[in-house]
Amino acid sequence: MFEKKNVEKILYGGDYNPEQWPEDVWQEDMRLLKQAGMDIVTLNVFSWALLQSSEEEYHFEELDKIMELVQDHGMKVCMATSTAVHPAWMARKYPDVLRVDFEGRKRKFGGRANSCPNSPTYRKYSRILAGKLAKRYRDYDNIVAWHISNEYSGACYCENCEKNFRLWLQKKYHTLDNLNQSWNTAFWGHTFYDWEEIVAPDMRSEHFAEDRTYFQPISLDYRRFMSDSMLECYTLEYDAIKEVIPDAEITTNLMDFYKTLDYFRWAKKMDFVSWDCYPENGQPYARTSMAHDLMRGLKGGQSFALMEQTPTVSNWLPYNALKRPGVMRLLSYQAVAHGADTVMFFQMRQSAGACEKFHGAVIGHAGTPETRVFKEIAALGKELKTLGASTLGMRTRSKIAMLFDWDNWWGIEFSAGPTKELDYMAEFTRYYSALRNKNYNVDIVSPEDSLEPYALVIAPVYYMVKGDNDERIRRFVRRGGTFLTTFFSGMVQENDLVTLGGYPGKLRDILGIWVEEEDALPPEQDNAFCYRGKTYPARILCDLLHTETAEQIDEKGYLSDFYQGFPVLTRNRMGEGCAYFVATSSGDDFYRDFLRDLCDECHISPVLTTPEGVEVTSRCREEDGKEILFVLNHNERPETITLPRDCTDLLAGIQIPAGEVTLEGYDVKILSFQTSEA
Ligand code: GLA
Ligand code: ZN
């Protein structure tokens, strides 16, 4: 990332909106941002209406001035294209830019992320604007990155979308016969005789809630189509910039595990991944780590940009708690610990009006650097200078991969039955958190990624097995890998049609089991099972399975109900490796104990063993044999850890001998080890 742009440290800065302020404020901003140790601003995120006042008239003079000012102050720029909000005049003149919502209501101008992704007007003018910006600012060598639109999101159900959906389907299925078969349209008399008969599946059609549908295959394809439609908008701008600046580094800011866009597909078209990290009050730290690991996984382990975080407070939560002293620094380093090469904020100067006026900022309404927040930011700025290039581009080495898949997510949650408690993210988080809380490095990858580097691959609720992905897992296991999956797996293929012949379908021989039935438990009801002498709860869904070639590894099966004694945990040996099956959802203790045993068996060690709440990750660089440990104390109280070897404390600039080290509450240590000769 940014290798060609002479970047020699973690870039520090964020969203800056000088267009909201008179020019005399700009000078003061520059002074304060420099004082805070900042070196990058993201400009022009929401300026389309200012840049283009009518179809023919563009005004770049103000942006020119801002660019000059920023350059004069030696700041780098992340240049946004402004296309997340179309101008009001455009909506009035060309209503096709306005979305139709899920209820079928035509939207009016207002809000943001409000343009129809299949609007010919939106596509035309957003592409033109991106091209014009690229031409105008191509010679600024302080532009290190281009930032297309902002947080793509939502969906549209207008006629243009419907038309393009039909074209998308024609490209995918070629014939209506094929589509009818692939969607099982004989069900409820849905046979289509003409492409024009197919409509967008919204509340007027197949849906009775956003995630509830009578006809999963069409809803699933509409999700894929919407994600692709927005990606096409992104790609139009991407290409327009690349045409002018072939070596531009281009991104768009992603949002955590955002359900409606398939980020694995998006990342293929991004030069680097960037994302906006806004943990909710009290969010467990492992949940935030999980999002960082996804972002790193989207592009095969490449470092990513932390594009936005709040310096202190958000405005969109029901209760917007302040980040406690030290927490902004802690969360910044948490991003770096998981692969970020930038630390950036929303926003530089706190806006005076509209819905974000109470959102935290580097420079608050008082306009003074004499604030707690500013001082913490400036202190971090200093530290990042000290760190220099030492962490840039470092990779994370992990022997564990977790498979994540958007189609699987959509498929599971569109499902009518067996239980409304099916929650892919929750199940995934249970496994991830158990590993993260014990300081195992985890990669999050797509089922299409290579499994070669891993010893253990975990695919919680792997409901939809697409294409030959089962074969990839089979090969992985045969060659000595350990695979783990759970209840409600292997049920369907890519169009959500059940794989006939017994669950878990294409995974059946790998797991050596046959699942005959599945029992859904209401939230207040548990079953239970025993593993290595301890009893754990069985919740949500209980698969009733028969072992074929697998062996049962829990002690007594389910402990109650008519399926008492049916196996809960199984292991199947295949080739050099084996595959585990966990037939139900359980509690945190179970995941902690079971995954620890599995890691031991696979000879995978945690980065470091620490007290609860102290997170440790590592990044390394093969070329010079450097390994860096990030030790993050998420607790308010001091904690003591034990270092196995001598190392260098990069923030303090001192050598530390092996042995005990104490971290204050919320403190961070960045420790460098030499693992081998360079
Ligand atoms: C998002 C957006 C920003 C801003 C912040 C506020 O991340 O990209 O423009 O609205 O949220 O938290
Ligand atoms: Zn539309």
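The text that follows walks through the structure, step by step, so that each part is easy to find. (Residues numbered from 1 in each chain as written. Chains lettered and ligands numbered in written order. Predicted model: local features only at pLDDT ≥ 70, side-chain atom pairs only at ≥ 80, totals over all residues. Heavy atoms only, no water.)

Topic: the sheet that holds strand 15 (residues 482-486)
In space, the seven strands of this open sheet follow the order 13-12-14-15-21-20-19, with mixed pairing throughout. Taken across any chain shown, the strands that pair with only one partner, and hence form the sheet edges, are strand 13 (442-445) and strand 19 (551-552). Relative to the sheet, helix 14 (residues 424-436) contacts strand 12 (400-403), strand 13, strand 14 (456-459), strand 15 and strand 21 (577-582), its axis offset from that of strand 12 by approximately 175 degrees. Against the sheet, helix 15 (residues 469-478) touches strand 12, strand 14, strand 15, strand 20 (569-574) and strand 21, its axis set at about 135 degrees to strand 15. (Pairing = 2+ DSSP bridges. Helix = DSSP H or I, 4+ residues; strand = E, 2+ residues; numbered from the N terminus. Contact = heavy atoms within 4.5 Å. Axes fitted to C-alpha atoms, helices over the stretch in contact; angles between N-to-C directions.)

Quick look at the pattern of salt bridges
Taken as a whole and assessed by the stated rule, the structure comprises 51 salt bridges. A salt bridge links Lys259 to Glu413; the nearest nitrogen and oxygen atoms lie 2.6 Å apart. Placement of the pair is Lys259 in the loop between strand 8 (253-254) and helix 9 (263-267) and Glu413 in helix 13 (residues 406-414), with a sequence separation of 154 residues. For Lys259, a relative accessible area of 15% corresponds to the buried category. What makes Glu413 buried here is its relative accessible area of 13%. Look at the salt bridges and you will find they share partners, linking Arg532, Lys534, Asp589, Arg592, Asp593, Arg596 and Asp597 into a network. (Salt bridge = Lys/Arg side-chain N within 4 Å of Asp/Glu carboxyl O. Buried < 20%, exposed > 50% of the residue type's maximum accessible area, 1.4 Å probe, protein only.)

Let's talk about the coordination of the zinc ion (ligand 2)
Angles at a metal have ideal values that depend on geometry: 109.5 degrees with four tetrahedral donors, 90 or 180 degrees with six octahedral donors. Donor atoms from the polypeptide that coordinate the zinc ion (ligand 2) comprise Cys116 (SG), Cys156 (SG), Cys158 (SG) and Cys161 (SG), at 2.2 to 2.3 Å from the metal. Coordination geometry of the zinc ion (ligand 2): the four donor atoms subtend angles of 101 to 117 degrees at the metal centre, consistent with an arrangement described as tetrahedral. Within one chain, the residues serving as donors to the zinc ion (ligand 2) are arranged as C-x39-C-x1-C-x2-C. According to the relative accessible area criterion, Cys156 is buried, its value standing at 0%. Residue Cys161 is classed as buried on the basis of its relative accessible area of 0%. (Donors = N, O, S within 2.8 Å, 3.2 Å for Na, K, Ca; no water. Tetrahedral: all angles 85-135°; square planar, octahedral: opposite > 155°, others 65-115°.)

Digging into unusual backbone geometry
In this model, Gly417 is joined to Pro418 through a cis peptide bond whose omega is 0 degrees. For Pro418, the position within the fold is in the loop between helix 13 and helix 14. Put simply, Tyr503 and Pro504 share a cis peptide bond, and its omega is 0 degrees. Relative to the helices and strands, Pro504 is located in the loop between strand 15 and helix 16 (508-511). With phi around 40 degrees, Glu151 is a residue other than glycine that occupies positive phi space. Tracing the backbone shows Glu151 in the loop between strand 4 (143-147) and helix 6 (159-173). A residue is classified by how much of its surface remains accessible, and Glu151, at 15% relative accessible area, is buried.

What to know about the sheet that holds strand 24 (residues 626-633)
Taken in spatial order, the five strands line up as 23-24-29-26-27 in an open sheet, and their pairing is antiparallel. Because the sheet does not close on itself, it has two edges, and the strands there are strand 23 (614-621) and strand 27 (654-656). On average, adjacent strands in this sheet sit at an angle of 30 degrees to one another, irrespective of strand direction. Bridging between strand 26 (residues 647-649) and strand 27 involves three bridges; their strand directions are antiparallel. Residue pairing for strand 27: Asp649 is matched across the bridge by Ile654. Most of the contacts of helix 11 (residues 327-337) go to strand 24, to which it runs at about 145 degrees, and overall it touches strand 23, strand 24 and strand 29 (668-674).

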